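# An overview of the molecular structure
What follows is each chain in one-letter form.
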Amino acid sequence: MVSTHDMVVPNDTELASLGDALGQDAAGLERRRGALAALLEAPAPDRVTHLWRFTDPHRFAPAASVAAVGFVEKGDAAGTAAAVDLVPGMQPLVTLSDAARAAGLEILPLGDPSVAAHLGAALGAPESHWYALLNDAAWNTGVALRLPRGRTLADPVRVSVHAEAAAVLPRILLIAEENSELTLVEEHTGGVDEARVAGVTEILAGPAARVRHVLVQAWRPGVDGYVSVRARADRDADLQTVFCALGGDRAKLEFVSTLDGAGAASRMVGVILGEERQHLDVHTRHIHAVGETRSDIDVKAVVADRARSTYTGLIRIEERARGVEAFQENRNLLLSDGARADTIPELEILNQEVACSHGATVAPLDEGQVFYLRSRGLDAAQARRMIVRGFLENTLARLPEGLRARVEAVVERRLDSVGDGA
């Protein structure tokens, strides 16, 4: 490991070891070296930049060898078209159903020549993004998924990222070709003390593709992690992003969707549940690069104990992007005097032919509602959980039926503890 800007980055020997462990060829190793050279020249992330306003970016840089190897058993693949388990330093563990094979779903190493050219396509300008370069140079677990043109998968594809090492740098690439349809469920689980996660997920939705992406972040205590999800939607593509931010000590989730083709649509629905002393920071961006595109954001946060939730959401509409519809809403519920929520919704509108709005609220739990429910026979914990469920209901109701059941199951498990916060 070497140090730059007080941030620790891997050296050439570690990159070569990673390439060997993950089965990369010479071209893959050269890509890593090129990213490392750019990383050493890039400005370090700092609190001045808007992305890091609420969270110290130094918290997520790995301080240990990126080649550390963990071990997990394959997860349960029931109800999935395919299941992929990603472990630092190991090749992906893959289970592929007959339905996925019949649909032509490809699960490929990131070094495969057919997908290597797509890496970075959704990132924009990685030279301005220190962690994107770090991940490009030193990703230590990853997978590429490609669904061919015109194919549909009824069951979801699940990718589980296991934070079972001190340094976890996952890379996921999803290519949904023209008029294809699938659901990707991305789970971030596990964790060891002082683990650091720096992940990148890219989604390329081709013309008229329909992609549902569900991200559940449920790290154990002791993990600090940053995951950046970048998506590009082509003409008439439909992209829905659903996220649940639940775990870890400090977590930063970034979701950026760029609408590149007329008729493209993107919707983001998120739930943040914080307790004890967690700090959960979510940053969203919808970039309308062309006209006749639509976007919608609905994020709800529930914070208990001395936890903190922060949300910043930007809608950017370019000058040539006329006829855009874009909406954003963030609501925050505080369950204790020590809890805190910050919210900054933003608009950058460079033309007048748009329909656009945003709203944000932060409010404490209504003790009058608690009193009313207790007068009807519920105890205090039951009353609080019912109020929290009601607060989240309108957001969860916006999900497609298949997604809603999976997301509600995750939220319900967490409400058993968050609802008791005081």
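The structure we're discussing is the one just above.
Below is a short write-up of the structure. (Residues numbered from 1 in each chain as written. Predicted model: local features only at pLDDT ≥ 70, side-chain atom pairs only at ≥ 80, totals over all residues. Heavy atoms only, no water.)

The next thing to look at is unusual backbone geometry. Across residues other than glycine, the phi torsion is negative in most instances, and most of the peptide bonds are trans. Phi at E194 takes a positive value of approximately 65 degrees, unusual for a residue other than glycine. Among the secondary structure elements, E194 is positioned in the loop between β10 (181-190) and β11 (196-205). In this structure, D305 takes a positive phi of about 55 degrees despite not being glycine. If you trace the backbone, D305 turns up in the loop between β18 (294-303) and β19 (308-317). Take D305: its relative accessible area is 22%, and that puts it in the partly exposed class. (Helix = DSSP H or I, 4+ residues; strand = E, 2+ residues; numbered from the N terminus. Buried < 20%, exposed > 50% of the residue type's maximum accessible area, 1.4 Å probe, protein only.)

Here the focus is empty space enclosed by the protein. A probe as big as a water molecule, rolled over the atoms, marks out the empty space that is left. Taken as a whole, this structure holds 1 cavity of 30 Å³ or more when the rule is applied. Roughly 70 Å³ of internal volume is contained in the largest cavity. Taken together, the residues that form the lining of the largest cavity break down as 5 nonpolar, 4 polar and no charged. (1 Å grid on protein atoms, 1.4 Å probe; cavity = no way out; pocket = protein on both sides within 12 Å on 5 of 7 lines; lining within 4 Å. Points joined across faces, edges and corners; volume = space filled by probe spheres on them. Nonpolar A, V, L, I, M, F, W, Y, C, P; charged D, E, K, R; others polar.)

For the rest of this paragraph, the subject is helix α1 (residues 12-21). Along α1, the residues that are buried comprise E14, L15, L18 and G19. Taken end-on, α1 shows its buried residues confined to a sector of 140 degrees, consistent with a single buried face. Among the exposed residues of α1, those oriented more than 90 degrees off its buried face are T13 and D20. Of the surrounding elements, those touching the buried residues of α1 are α2 (26-41) and α5 (130-138). Taking the backbone nitrogen of T13 as reference, a side-chain oxygen 3.2 Å away marks N11 as the first, capping residue of α1. Backbone geometry just downstream of α1 places G23 in the positive-phi region, at approximately 70 degrees. (Arc of directions from axis to C-beta. Contact = heavy atoms within 4.5 Å. Polar contact = N/O pair within 3.5 Å; in protein donor to acceptor, adjacent residues only side chain to side chain.)

Turning to the packing of aromatic side chains, a few remarks are in order. Taken as a whole and judged by the stated rule, the model has 7 aromatic pairs. Judged by centre distance (4.9 Å) and plane angle (70 degrees), the ring pair of W52 and Y226 falls under edge-to-face. Taken together, the residues W52 in the loop between α2 and β3 (82-86) and Y226 in strand β13 (residues 224-233) connect sequence positions 174 residues apart. Across the pair, exposure class does not vary: W52 and Y226 are buried alike. A network of ring pairs unites the aromatic residues W52, F60, W130, Y131 and Y226 as a single cluster. The ring of W52 has K252 sitting right over it, with the charged end atom 5.8 Å from the ring centre. Between the NZ or CZ atom of K300 and the centre of the ring of F391, over which it lies, the distance is 5.2 Å. (Phe/Tyr/Trp six-rings, centres within 6.5 Å; stacked < 30°, edge-to-face > 60°. Lys NZ or Arg CZ within 6 Å of the ring centre and 35° of its normal.)

The next point concerns the sheet that holds strand β14 (residues 238-245). If you trace the 10 strands from one edge of the open sheet to the other, you get β4-β3-β7-β10-β12-β14-β16-β18-β20-β22, paired in mixed fashion. Because the sheet does not close on itself, it has two edges, and the strands there are β4 (93-96) and β22 (354-364). Neighbouring strand axes in the sheet, compared pairwise and without regard to direction, differ in orientation by 5 degrees on average. Looking at chain direction, β18 and strand β20 (residues 324-334) are connected through 10 bridges and run parallel. (Pairing = 2+ DSSP bridges. Axes fitted to C-alpha atoms, helices over the stretch in contact; angles between N-to-C directions.)

Successive residues of a regular strand alternate their side chains across the two faces of the sheet. Strand β17 (residues 279-288) sits mainly inside the fold: 9 of its 10 residues count as buried. Summarising the sheet, strand β15 (residues 250-259) and β17 pair through 10 bridges and their orientation is parallel. Each residue of the ladder has a partner; that of E254, found in β17, is H283. With 10 bridges joining them, β17 and β19 adopt parallel strand pairing. By the bridge assignment for β19, I287 is matched with R316.

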